[in-house]
Amino acid sequence: MPGLPPPQGHDLGRRERRKLEVRTRIREAGLARFEDRGIEATKVQDICARADIAHKTFFNHFPTKRHLLREIAQDSLGQLLLDIEEIRKLSAPARDKIHAFFDRIADNAEAAGPMHRELLTEMVHIAHEPGTQHQQAQQLHDAFSALVADGLEAGELTDRYGSEVLTEMLMGAFYVLMFNWANLDNYPLRPHAQATARFLTDSMET
């Protein structure tokens, strides 16, 4: 009937949607500021100004700037998992898929802004810290393991060392490249990534 208040569940749903919208706006503003100024140089008030929110509103959603960074880093980790799954679906031999993965690493790095190095470091931390993030580390391991399993099933990768060793070699190479790129000035990521892919596939093929 006209004039009656909406059902309580409807009101709660609207409030939750509003909270989600504000949180998304904060994340988008944080990402934009981080890309423009770098993570350390960006202040919470800069993010609030970009998101057009009160200072208090930020802390209703994120206790600190670092918590916001962690959520953005979790999104980046999710994108990495999607990238690996997309490469798995290519109609190509295992060698080409591994090369495609390391090319994708270089593509993403070249397309990213200056803050990506700090974001990458945070992404690796959250993937492998103990406790609540263990599931994410397992997801990353499983993604690389599935790529290896496809190659083994197709008879394109050697089974002399076992699937776990091959998975660890892929993951280890990825982490070394990312660590060097994040910490060494003028690190030539693309040629190193391409050389790493050649070395791995030469070693892992049947």
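Heads up: these notes are all about the structure in this document. Counting of residues starts from 1 at the beginning of each chain's written sequence and follows it residue by residue. Residues qualify for local features only when their pLDDT is at least 70, as the model is predicted, and side-chain atom pairs are given and counted only at 80 or more; totals for whole chains, interfaces and linings, by contrast, use all residues. Note that water and hydrogens are dropped before the side-chain values are worked out from all heavy atoms of the structure.

### Looking at a nonpolar patch on the surface
Here, patches come from residues exposed beyond 30% relative accessible area and free of salt bridges, joined within 9 Å for like charges and within 5 Å for nonpolar side chains (Val, Leu, Ile, Met, Phe, Trp, Tyr). The Shrake-Rupley method, run with a 1.4 Å probe sphere, supplies the accessible areas, and residue values consider only the shown protein chains as cover. By definition, a salt bridge exists where a carboxyl oxygen of Asp or Glu is found within 4 Å of a side-chain nitrogen of Lys or Arg. Judged by side-chain polarity, Tyr161, Val165 and Met169 come together as a nonpolar surface patch covering roughly 280 Å² of accessible area. Relative to the elements of secondary structure, Met169 occurs in helix H8 (residues 163–183). Taking relative accessible area as the criterion, Met169 reaches 43% and is therefore assigned partly exposed. Put simply, DSSP marks the helices as runs of H or I at least four residues long and the strands as runs of E at least two long, and each gets a number from the N terminus on. Accessible area is worked out with a 1.4 Å probe on protein chains only. A residue is then buried under 20% of its type maximum, exposed over 50%, and partly exposed in between.

### Concerning the nonpolar core
Only buried residues count toward a nonpolar core. Its members are Ala, Val, Leu, Ile, Met, Phe, Trp, Tyr and Cys residues joined through side-chain atoms within 4.5 Å. One finds Phe101, Phe102, Leu140, Phe144, Leu170, Phe174 and Leu189 to be the most contacted residues of the largest nonpolar core, which totals 34 residues. Breaking this core down by element, the ones donating at least two residues are helix H4 (65–88), helix H5 (94–111), helix H7 (134–153), H8 and helix H9 (189–204). No other element matches the ten residues that H8 contributes to this core. In terms of nonpolar packing, the next biggest core, distinct from the first, is built from 17 residues, Ile39, Val44, Ala51 and Ile53 among them.

### Some thoughts on the pattern of salt bridges
This structure, assessed with the given rule, holds twelve salt bridges. Arg190 is paired through a salt bridge with Asp107; the nearest N and O atoms lie 2.6 Å apart. Within this pair, whereas Arg190 is found in helix H9, its partner Asp107 is found in helix H5, the two being separated by 83 residues in sequence. Overall, the relative accessible area of 37% leaves Asp107 in the partly exposed class. One network of salt bridges, with partners in common, ties together Arg23, Arg27, Glu71 and Asp75.

### What about H5?
In this analysis, the expected span of each helix is defined as 1.5 Å times one less than the number of residues it contains. Along its 18 residues, H5 runs 26 Å from first to last C-alpha, staying within 8% of the 26 Å computed at 1.5 Å per residue. Looking at H5, one finds that the buried residues are Ala94, Lys97, Ile98, Phe101, Phe102, Ile105, Ala106 and Ala109.

### So, the packing of aromatic side chains
In summary, the pairing rule links any two rings of Phe, Tyr or Trp, Trp by its six-membered ring, whose centres are within 6.5 Å, and it sorts them by plane angle into stacked for under 30 degrees, edge-to-face for over 60 and tilted for everything else. On inspection of all chains with the given rule, the structure shows seven aromatic pairs. Taking 5.2 Å as the distance between ring centres and 80° as the angle between the ring planes, the aromatic pair formed by Phe58 and Phe59 counts as edge-to-face. Taking relative accessible area as the criterion, Phe58 reaches 0% and is therefore assigned buried. Centre to centre, the rings of Phe101 and Phe144 are 5.3 Å apart; their planes meet at 85°, and the pair counts as edge-to-face. On the criterion of sequence distance, the pair formed by Phe101 in helix H5 and Phe144 in helix H7 is long-range, its members being 43 residues apart. Classification of Phe101 by relative accessible area gives buried; the value is 3%.

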